[in-house]
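Examination of the molecular architecture
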Amino acid sequence: QVQLVQSGGGSVRAGDSARLSCAASGRAFTIYQMGWFREAPGKDREFVGGIAWPEGVTHYDQSMKGRCTISRDKAANTIYLQMNSLKPEDTAVYYCAIETTNDYLYDYWGQGTQVTVSS
């Protein structure tokens, strides 16, 4: 079992920045990738971006590409989502996820963190 604990988020104004973190813990697990998703009111959960664990290579969805950066602390099994120039449409619950079974599927999810962007 793997636990993902998220922190950060909150209420910000349009144009501000926000940083989320997600720490993975558990017994004897392997990380293949970690990622960020978001779910806005009335919309499906969508992929924001991810990071391949061994290489540290990141990839992003177009929705926030250029306005967000995913980084990691490999030793701490922690990833971060730095979001800049936030817009009201970025308002959502943000979730982190982890792939531990080398099948390109995310196996565990964080508890979610609300980010609210006001105009």
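For the structure, check the block above.
Residues numbered from 1 in each chain as written. Predicted model: local features only at pLDDT ≥ 70, side-chain atom pairs only at ≥ 80, totals over all residues. Heavy atoms only, no water.

1. Considering the overall build of the protein
Here is the rule: What counts as a helix is a DSSP run of H or I of at least four residues, what counts as a strand is a run of E of at least two, and both are numbered from the N terminus. To get the radius of gyration, use the C-alpha atoms; to get the globule rule, take the number of residues to the power 0.38 and multiply by 2.2 Å. The buried label goes to any residue with under 20% of its type's maximum accessible area, the exposed label to any with over 50%, and the partly exposed label to all in between, with areas taken from a 1.4 Å probe on protein chains only. Using the Shrake-Rupley algorithm and a 1.4 Å probe, accessible areas are obtained, with residue cover drawn only from the displayed protein chains. By the counting scheme adopted, Arg and Lys are positive, Glu and Asp are negative, and His together with the chain ends is not counted. Charge coordinates come from a single atom per side chain, which is NZ of Lys, CZ of Arg, CG of Asp or CD of Glu.
Scanning the protein from terminus to terminus reveals zero helices and eleven strands. Reading the protein from its N terminus to its C terminus gives the helix and strand order β-β-β-β-β-β-β-β-β-β-β. At 14 Å, the protein has a C-alpha radius of gyration in line with the 14 Å of a compact globule built from 119 residues. Dimensions of the protein along its principal axes, counting C-alpha atoms only, are 45 × 25 × 25 Å. When burial is assessed residue by residue, the protein has 41% of its 119 residues classed as buried. Surface exposure of the protein reaches about 6,300 Å², of which carbon and sulfur atoms provide 47%. Of the side chains in the protein, 11 bear a positive and 12 a negative charge, and the two mean positions are spaced by 5 Å.

2. What to know about unusual backbone geometry
Phi angles above zero are rare outside glycine, and alanine 28 is one such case at about 50°. Tracing the chain through its elements places alanine 28 in the loop between strand E3 (18-26) and strand E4 (33-39). Even without being a glycine, asparagine 102 presents a positive backbone phi close to 55°. Mapped onto the fold, asparagine 102 is located in the loop between strand E9 (92-99) and strand E10 (108-109). Here asparagine 102 falls in the partly exposed class, since its relative accessible area comes to 48%.

3. Remarks on the sheet that holds strand E1 (residues 2-8)
Our working definition: Each pair of strands is called paired provided DSSP finds at least two bridges between the two strands. Between N-to-C directions, angles cover 0 to 180 degrees, with each direction set by a line fitted to C-alpha atoms, over the stretch in contact for helices.
The antiparallel open sheet is built from four strands, whose spatial order is E1-E3-E8-E7. Since the sheet does not close on itself, it has two edges, and those belong to E1 and strand E7 (68-73), each with one partner. Put simply, the sheet's adjacent strands are angled 20° from each other on average, direction ignored. Pairing analysis gives seven bridges linking E1 to E3, with the strands arranged antiparallel. Paired with glutamine 3 across the bridge in E3 is serine 25.

4. Brief notes about the packing of aromatic side chains
To keep things clear, this is the line we draw: Here a pair means two rings of Phe, Tyr or Trp (six-membered ring of Trp) with centres within 6.5 Å. Their orientation is stacked below 30 degrees between planes, edge-to-face above 60, and tilted elsewhere. Here, over-ring charges are defined by two tests on the NZ atom of lysine or the CZ atom of arginine: distance to the ring centre within 6 Å, and angle to the ring normal within 35 degrees.
Tallied over the full model, the rule gives four aromatic pairs. Both rings, one in phenylalanine 37 and one in phenylalanine 47, keep their centres 5.4 Å apart while their planes meet at 70°; by these two values the pair is edge-to-face. Residue phenylalanine 37 is found in strand E4, and its partner phenylalanine 47 is found in strand E5 (residues 46-52); the two are separated by ten residues along the sequence. Judged by centre distance (6.2 Å) and plane angle (55°), the rings of tyrosine 106 and tryptophan 109 are tilted. Each residue in the set Phe37, Phe47, Tyr106 and Trp109 is aromatic and connected to the rest through ring pairs, giving one cluster. Above the plane of the ring of tyrosine 80 lies arginine 19, whose end atom (NZ or CZ) is 4.1 Å from the centre. One residue, arginine 45, lies across the ring of tryptophan 109, its end atom 4.9 Å from the ring centre.

5. Here's the deal with the pairing of E9
With seven of its eight residues buried, E9 lies for the most part within the structure. Examined bridge by bridge, E4 and E9 share seven bridges and lie antiparallel to one another. Looking at the pairing, tryptophan 36 lines up with cysteine 96 of E9. Strand direction decides the pairing type here: E9 and strand E11 (residues 113-118), joined by three bridges, are antiparallel. Across the sheet, the residue bridging to alanine 92 is valine 115, located in E11. Note: E9 against E10, two bridges, orientation antiparallel. Each residue of the ladder has a partner; that of alanine 97, found in E10, is tryptophan 109.

Read these as layout, nothing more, since geometry by itself doesn't imply function.
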